[in-house]
Amino acid sequence: MDEACIFCKILAGEIPATFAYRDERVAAIADVNPQAPTHLLVMPVVHVANMPALADSQPALVSEVFSVASRLGRAHGGDDGFRTVVNTGPGAGQTVEHMHVHVLAGRDLRWPPG
Ligand code: AMP
Ligand code: ZN
């Protein structure tokens, strides 16, 4: 756990959140500032700053996180589908340095993103 990390605090039960999924290695919470009717954040329970760091250190966990994101995306997006987004670094809009996959569904999503 990283004491300065808001997602680690959520995973430790120190800050409340709505959990959509949780096991020993992967968790999914509702985004506090949702950008679509469904907006979930799927993350490893272990603190890792971003996706390339996770891919370098624990590649199997990348797969597990994306498996959970896929199940949740299917469940919430249905036939209309869903979007997964992983921001890496400040220029890409990453504001929480604990790797997470955004899962968005429930409205039309344009391309390219902003
Ligand atoms: P990113 O900008 O890609 O790092 O995404 C961080 C996301 O975390 C944003 O969409 C925020 O709305 C969300 N967020 C920040 N704090 C919380 C919180 N306490 N509970 C749930 N989501 C949060
Ligand atoms: Zn963390």
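Predicted model, so just to flag it, every value in this text is computed and none were measured.

Moving on to the site of ligand 1. If you check the shell around ligand 1, you find 16 residues, and the closest are D31, N87, G93, T95 and H102. V32 places a main-chain nitrogen or oxygen 3.2 Å from a nitrogen atom of ligand 1. Protein contact buries 83% of the 510 Å² of open area that ligand 1 shows by itself.

To continue, consider unusual backbone geometry. In this structure, P112 follows W111 across a cis peptide bond, with omega equal to 0°. Checked against the element boundaries, P112 lands in the segment after β5 (101-105).

A four-donor tetrahedral metal ideally has 109.5 degree angles, and a six-donor octahedral metal ideally has angles of 90 or 180 degrees. Here the zinc ion (ligand 2) is held by C5 (SG), C8 (SG), H47 (ND1) and H98 (ND1), and the distances to it run 2.1 to 2.3 Å. Taken together, the 4 donor atoms coordinating the zinc ion (ligand 2) span angles of 106 to 116° at the metal, a pattern that classifies the geometry as tetrahedral. Look at where the donors of the zinc ion (ligand 2) fall in the sequence and you get C-x2-C-x38-H-x50-H. Residue C5 is located in the segment before α1 (6-11), and its partner H47 is located in the loop between β3 (38-44) and α2 (51-57); the two are separated by 42 residues in the primary sequence. We classify C5 as buried; its relative accessible area is 6%.

What counts as what
Residues numbered from 1 in each chain as written. Chains lettered and ligands numbered in written order. Predicted model: local features only at pLDDT ≥ 70, side-chain atom pairs only at ≥ 80, totals over all residues. Heavy atoms only, no water. Near = heavy atom within 4 Å. Polar contact = N/O pair within 3.5 Å; in protein donor to acceptor, adjacent residues only side chain to side chain. Areas by Shrake-Rupley, 256 points an atom, 1.4 Å probe, with all protein chains shown as cover. Helix = DSSP H or I, 4+ residues; strand = E, 2+ residues; numbered from the N terminus. Donors = N, O, S within 2.8 Å, 3.2 Å for Na, K, Ca; no water. Tetrahedral: all angles 85-135°; square planar, octahedral: opposite > 155°, others 65-115°. Buried < 20%, exposed > 50% of the residue type's maximum accessible area, 1.4 Å probe, protein only.

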